[in-house]
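Next come the chains, spelled out residue by residue.
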Amino acid sequence: MFLTFEGIEGCGKSTQARRLAARLKKGGISCVLTFEPGGTAIGQKIRRILLNEDHQDLSPLSELFLYEADRALHVKWVIRPALVRKEWVICDRFFDATTVYQGVARGQDLKMVRFLNDKASLGMTPDLTFVIDCPVDVGIARALERIASLEDPGQDRFEKEKMEFHTAVRNGYLALAENEPERFVVVDGTLAEDALEEVIFDHIRPHLRGRSA
């Protein structure tokens, strides 16, 4: 199974991805928890470029290409090998993030974005994608609070975007989910962490098919 978590900044997707991975491992399911951008050694360097608040001169097109370069490495060296080994993969962001952030919110040509997504991901599509949805003001407040507590400040280029940008991202995710309901599950990001974990796991249970988890 290839599972992805998506949503605006501060929605709680990273927390829930970690919780799900821990729960599956505890139940005897072998899984890999990873993330974008930065899921490889080179990807970590790309991540620091993309998220650095000092890099305001990154054009939308250069930003798009950096994300796709990161993804091409990630799929080749992390995601596809894990799936070949029959492990579950849980990824914190994947190509849907590029569609909504660089395509919808940045205004890049969506046909081009989808073409590059397909090439970088080697045609792979997640089996199930959770969109953790919450109001923009709630998510951004959480994200800025988290950033302020980090030992490595300055990695908040996206958190500091205007509210209109984050609203476009949120609406982009909801539109994707509406257009592809067989893959997407939209869950309430304002729920308490424990409650949200249970909602998410309810959607995982049918895929376990007798496994110990």
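Below is a short write-up of the structure. (Residues numbered from 1 in each chain as written. Predicted model: local features only at pLDDT ≥ 70, side-chain atom pairs only at ≥ 80, totals over all residues. Heavy atoms only, no water.)

**Things to note about the layout of surface pockets**
Line of reasoning, step 1. The space that makes up the largest pocket amounts to roughly 1,000 Å³.
Line of reasoning, step 2. Lining of the largest pocket is provided by 42 residues; of these, Lys13, Ser14, Arg47, Asp92 and Arg146 occupy positions nearest its centre.
Line of reasoning, step 3. When residues of the lining of the largest pocket are traced back to their parent elements, those giving at least two are helix H1 (13-26), strand S2 (31-35), helix H2 (41-51), helix H3 (60-84), helix H4 (95-105), helix H6 (136-148) and helix H8 (193-204).
Line of reasoning, step 4. Considering every element that reaches the lining of the largest pocket, the biggest residue donor is H1, with 6 residues.
Line of reasoning, step 5. Class assignment for the residues of the lining of the largest pocket results in 17 nonpolar, 11 polar and 14 charged.
Line of reasoning, step 6. Its volume calculated, the second largest pocket comes out at about 170 Å³.
Line of reasoning, step 7. Taken together, 13 residues line the second largest pocket, and the ones lying closest to its centre are Phe95, Asp96, Thr99, Arg114 and Asn117.
Line of reasoning, step 8. Within the residue set of the lining of the second largest pocket, elements represented by two or more residues are H4 and helix H5 (110-120). (1 Å grid on protein atoms, 1.4 Å probe; cavity = no way out; pocket = protein on both sides within 12 Å on 5 of 7 lines; lining within 4 Å. Points joined across faces, edges and corners; volume = space filled by probe spheres on them. Helix = DSSP H or I, 4+ residues; strand = E, 2+ residues; numbered from the N terminus. Nonpolar A, V, L, I, M, F, W, Y, C, P; charged D, E, K, R; others polar.)

**So, the pattern of salt bridges**
Line of reasoning, step 1. Within this structure, the stated rule accounts for 20 salt bridges.
Line of reasoning, step 2. The partner of Arg71 in a salt bridge is Glu36, with the nearest N and O atoms 2.8 Å apart. With Arg71 in helix H3 and Glu36 in the loop between S2 and H2, the pair connects residues that are 35 residues apart, well separated along the chain.
Line of reasoning, step 3. When its relative accessible area of 4% is taken as the criterion, Glu36 is described as buried.
Line of reasoning, step 4. Taking the shortest distance from any N to any O, the salt bridge between Arg106 and Glu63 comes out at 3.0 Å. Here Arg106 is found in the loop between H4 and H5, whereas its partner Glu63 is found in helix H3, with 43 residues between them in sequence. Each member of the pair, Arg106 together with Glu63, is buried.
Line of reasoning, step 5. Sharing partners across several salt bridges, the network here consists of Arg19, Arg23, Glu193, Asp194, Glu197 and Glu198. (Salt bridge = Lys/Arg side-chain N within 4 Å of Asp/Glu carboxyl O. Buried < 20%, exposed > 50% of the residue type's maximum accessible area, 1.4 Å probe, protein only.)

**Re the pairing of strand S3 (residues 88-92)**
Line of reasoning, step 1. Within S3, 5 of the 5 residues are buried, which leaves it mostly tucked inside the rest of the structure.
Line of reasoning, step 2. Taking every second residue as pointing to the same face, both faces of S3 are buried, with Trp88, Ile90 and Asp92 on one and Val89 and Cys91 on the other.
Line of reasoning, step 3. Sheet topology places strand S1 (residues 2-6) next to S3; 4 bridges connect them, and they run parallel. What sits directly across from Phe2, in S3, is Val89. (Pairing = 2+ DSSP bridges.)

**Things to note about the packing of H1 against H8**
The relative placement of two packed helices is expressed as an angle between their axes plus a distance between the axes.
Line of reasoning, step 1. Two elements in contact, H1 and H8, have axes separated by 10 Å at closest approach and are oriented at 60 degrees. In terms of orientation, H1 and H8 fall into the oblique class. As H1 packs across H8, the resulting crossing turns out to be right-handed. Taken together, the residues of H8 that come into contact with H1 (itself represented by Thr15, Gln16, Arg19, Leu20, Arg23 and Leu24) are Glu193, Asp194, Leu196, Glu197, Glu198, Ile200, Phe201 and Ile204.
Line of reasoning, step 2. Per-class residue counts for the contact of H1 with H8 are 6 nonpolar, 2 polar and 6 charged. (Axes fitted to C-alpha atoms, helices over the stretch in contact; angles between N-to-C directions. Parallel < 35°, antiparallel > 145°, perpendicular 65-115°, else oblique. Left-handed = near helix turned anticlockwise from the far one by under 90°. Contact = heavy atoms within 4.5 Å.)

**Quick word on the packing of H2 against H3**
Line of reasoning, step 1. Contact geometry for H2 and H3: axes closest at 9 Å, N-to-C directions at 160 degrees. One way to sum up the angle between H2 and H3 is to call them roughly antiparallel. The two elements H2 and H3 cross, and the hand of that crossing is left-handed. Listed contacts from H3 to Ile42, Gly43, Ile46, Ile49, Leu50 and Leu51 of H2 are Glu63, Leu66, Tyr67, Ala69, Asp70 and Leu73.
Line of reasoning, step 2. Residues that form the contact of H2 with H3 fall into these classes: 9 nonpolar, 1 polar and 2 charged.

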